[in-house]
Protein chains: 2
Amino acid sequence: MPDERTTGREGVGAAVLAAGFGERLRECGRPKPLARVAGLTLLERTVRTLRAGGLEGEIVVVVGHRGEEVAGHCKARGLPVRVVENPDYPRGNGTSVLAAMRFLPERFVVAMVDHIHTPESVRRLLRCEGDFVAAVDTRPVYADPGEATRVRLEGGRVVEFGKNLPRYDGLDAGLFLCSRPALERLREASGGERLSWNDLKRAWLASGGEVVACDLAGAPWTDVDTPQDLRLSEEMVLGWAASGNDGPVSRHINRRISRRITRRLLDTPLSPDQVSLLSFALAALGAGLLAAGRLRLGGALVQLASIVDGCDGELARARLESSPRGAVFDATLDRWADALIISGLALGAGTRLAAAAGYPALAGALLVSYTRARWEAALGRMPSRFTGLGATRDVRLAVLALGGLLGAPGAALLATGALGNAEALRRLLALKRGRS
Amino acid sequence: MPDERTTGREGVGAAVLAAGFGERLRECGRPKPLARVAGLTLLERTVRTLRAGGLEGEIVVVVGHRGEEVAGHCKARGLPVRVVENPDYPRGNGTSVLAAMRFLPERFVVAMVDHIHTPESVRRLLRCEGDFVAAVDTRPVYADPGEATRVRLEGGRVVEFGKNLPRYDGLDAGLFLCSRPALERLREASGGERLSWNDLKRAWLASGGEVVACDLAGAPWTDVDTPQDLRLSEEMVLGWAASGNDGPVSRHINRRISRRITRRLLDTPLSPDQVSLLSFALAALGAGLLAAGRLRLGGALVQLASIVDGCDGELARARLESSPRGAVFDATLDRWADALIISGLALGAGTRLAAAAGYPALAGALLVSYTRARWEAALGRMPSRFTGLGATRDVRLAVLALGGLLGAPGAALLATGALGNAEALRRLLALKRGRS
């Protein structure tokens, strides 16, 4: 049999362990790797998370229990993976790691199909050095310390793994980075009746091997064993997807609603780009109503558009479909929507004040966005201190919406102009001082 | 005597040969390295060009004739260089290279203080591999084939250097990249009466060494020997500094005038940022006049502001002071000026059409700039095909200026809006198709 060993040049690979029985999810009717969380099966989610986290080498999915169904799913969804069957899976998931190893490059990640992580956690793991690195979490938020494997740490190293350790420093997060030549030595330990991945870890420690701890320190992750876990992990994914550089209106109002909308969109065929267009359409409709003098209804639609504007990013992050191109598309539509809303309010108000105040409002709104983009194109990330009240779209649209709803378009436009131009001026002065 | 040899890790260094007599510039009264071209002495220009081209290691300036004056200039201007005296300079500039060598890292550039290059040429040279790389020019534009050293090429290698080669393939551009250990071998050839750098090059070839040719192929460069050369090279520098991603109005009209203004600014203490502010002030004044209904005068000032807007970049490039920070500062002021001009024209025209048409005009103008910045922040350089008529500021300001001058503000605003929004829409559609 050809040995498909590859060199380190081919990047870090991954073994995804998807062979187990998944007893407690049996009532769902599908094999555990095919259980759905936030619009993706657990297996799709694991593969996309690894790729989004920067893993470039081959991904080997080890199947066992109901292996044909899982393999069929990989094929049907066109997942970029190699499926390897492990007939030994009833002996424990340690046998799955050994079965995957021959197809993997020098360094590879070991991931459990029933553990949900963020791409950022994968990225953090890939930055670690060592023959055996284990992601641990010293501040677990979602994972259950009663269920998970516990770890004891000493000087940045894991010195003990175990389900029932009475004293422990954190949880084993079920994500590892291993060196293949080092692990090959453990094949000898594989003769026993049962062979779990925990057995292999302990064999590694017993042989004098070091396990470097990569502390996720509160990053969102969890493992999924029961139908209740499925629901809780969906909450976790949506919560993570709804985070961002939000302004106060978004944080306290919009996100609560957009998250509920996003949850309903997850299993629809709607793409994030289509949701961006939907938000734009709502804003354009609102602008049209404002321009026609229907200030109250127009204002309400503007706020609705602002809420739906959160959904495209949430949907993309929850489905792990975020792309720079999608972000530029959304941002461009947002600027156009801003321009339409401000023009609509200025022209529909029917007062000389509003017709004039729309100009500084439009200039301020677009300049805030422009200065950030131009800064980041030339100078890299803009420091986080440049997020005053005038800096975020949620505040801007809330002010304009209130202008319509309360029948005070001139005041709303003046406030929008003042906030936006003040923030842009602050950035210009920072450039002048060169203290960027 | 301590040998200050350094490792390759310290980056590429440079020897700047500034020891010669400079006979034909004697009438200028100052040593040749201190002759001024486009606001900088030849020596400052050489040092800044090397740094702007990405050279990171030590720069050694070798002085001889009137060496104290040249050394004093380095100190007075705070040039980041080490000055080395070469008492042997009357024997030829080859002795200056040997004198510099002990202070240089493993790889170093040899530059003549009387040759003017662009940072881009330095960058190209630094990308070349080889123990001895010579910048040559197979399509010289400014340099005089009657004066310069000629080269014969074979298969990407220089096989002969000489002032009077009857058959030649290009000119020696006076810029080299050398490996110190390789050149050390030539010290033995240094016993003769005269020792020019050309002698050392020939000794290298005679010893079987290869000279890799780095073809500048028409890039702007020249050498300066006479007072007439000083004037011609200033033209060259200004012409190079005035190039950019110009629209048609800039190319055919604005640049001709801005270049003349810039020439007068070169020897003033005005900084590029101050010129950006001056252009902004002219635009703001023009906008104020437009808003007050003085459309003709306002329009004229807008076009003047557009012309002066070219000078900040020209001044920065000619003085080799360009910085990403300065570019963002200028761009931000430009967007604000655009907003003021459009608002002024819309509100000062006194017609309902103009008051409304200002909104799409302002949205289109800022969206064109925004889409480019946002694209480049996330996706890298925007393809050059996105430079339609609606894409550049020169066209936009010319249309608005004509709107004032010809008393047709509404039409000018509608045209500005149509051009800008059409270009922004084109970019949005390209994003949607994902064919970025």
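The structure presented is a predicted model; accordingly, all values stated were derived computationally and were not measured.

The rules behind the values
- Here, residues in each chain are numbered from 1, in the same order as that chain's written sequence.
- Throughout, the order in which chains and ligands are written sets their labels, letters from A for the former and numbers from 1 for the latter.
- Local features are withheld for residues below a pLDDT of 70 in this predicted model, meaning they are given only at 70 or higher, and side-chain atom pairs are given and counted only at 80 or more; totals for whole chains, interfaces and linings count all residues.
- Side-chain measures here rest on the full set of heavy atoms in the structure, leaving out hydrogens and waters.
- The copies were overlaid by least squares, fitting only the C-alpha atoms of residues that reach a pLDDT of 70 or more in each copy.
- Whether two residues are in contact is decided by their heavy atoms: any pair within 4.5 Å suffices.
- We define a salt bridge as a contact between a side-chain nitrogen of Lys or Arg and a carboxyl oxygen of Asp or Glu at a distance within 4 Å.
- A run of H or I in DSSP becomes a helix once it reaches four residues, and a run of E becomes a strand once it reaches two; helices and strands are each numbered from the N terminus.
- Three labels apply to residues, based on accessible area from a 1.4 Å probe with only protein chains included: buried if under 20% of the type maximum, exposed if over 50%, partly exposed otherwise in between.
- Exposure above 30% relative accessible area and the lack of any salt bridge qualify a residue for a patch; like charges then connect within 9 Å, and the nonpolar side chains Val, Leu, Ile, Met, Phe, Trp and Tyr within 5 Å.
- What sets the accessible areas is the Shrake-Rupley method with a 1.4 Å probe; for residues, cover comes only from the shown protein chains.
- In this description, strands pair whenever DSSP reports at least two bridges between them.

Describe the relation of the copies chain B and chain A, naming the residues involved and giving the relevant values.
Each copy superposes on the other: chain B lies on chain A with an RMSD of 0.0 Å after a rotation of 180° and an axial shift of 0.0 Å. Taken together, these values place the two copies in the relation of a two-fold axis. Within chain B, the C-alpha atom positioned nearest to the axis of rotation is that of A377 of chain B, 1.9 Å from it. Taken as a fraction of all interface residues of chain B, those also at the interface in chain A reach 100%, which identifies the copy contact as same-surface.

A description of the pattern of salt bridges should follow, citing residues and the corresponding values.
Residue and element names in this part refer to chain A. Across all of its chains, the model carries 64 salt bridges over all chains by this definition. With its nearest N and O atoms 2.8 Å apart, the salt bridge here joins D338 to R393. With D338 in helix α11 (residues 324-348) and R393 in helix α13 (residues 393-405), this pair connects stretches of sequence that are 55 residues apart. Judged by its relative accessible area of 11%, R393 falls in the buried class. Between E423 and R427 there is a salt bridge, with the nearest N and O atoms lying 3.2 Å from each other. On the criterion of helical spacing, the pair formed by E423 and R427 is a turn pair, its members being four residues apart in helix α14 (residues 409-433). Residue class for E423 comes out buried when judged on its relative accessible area of 4%.

Tell me about a nonpolar patch on the surface, and please be specific about residues and values.
Residues and elements named next belong to chain A. A surface patch of nonpolar side chains, amounting to about 280 Å² of accessible area, comprises L402, L405 and L406. Mapping L406 onto the fold places it in the loop between α13 and α14. The exposure class assigned to L406 is exposed, which follows from its relative accessible area of 64%.

Outline the pairing of strand β9 (residues 150-154) of chain B, supporting the account with residue identities and numerical values.
All names here are of chain B. With five bridges connecting them, β9 and strand β10 (residues 157-162) associate as antiparallel partners. Bridging across to β10, V151 finds its partner in F161. Here β9 pairs with strand β11 (residues 170-179) via two bridges, running antiparallel. Pairing of R150 across the sheet is with L171, part of β11.

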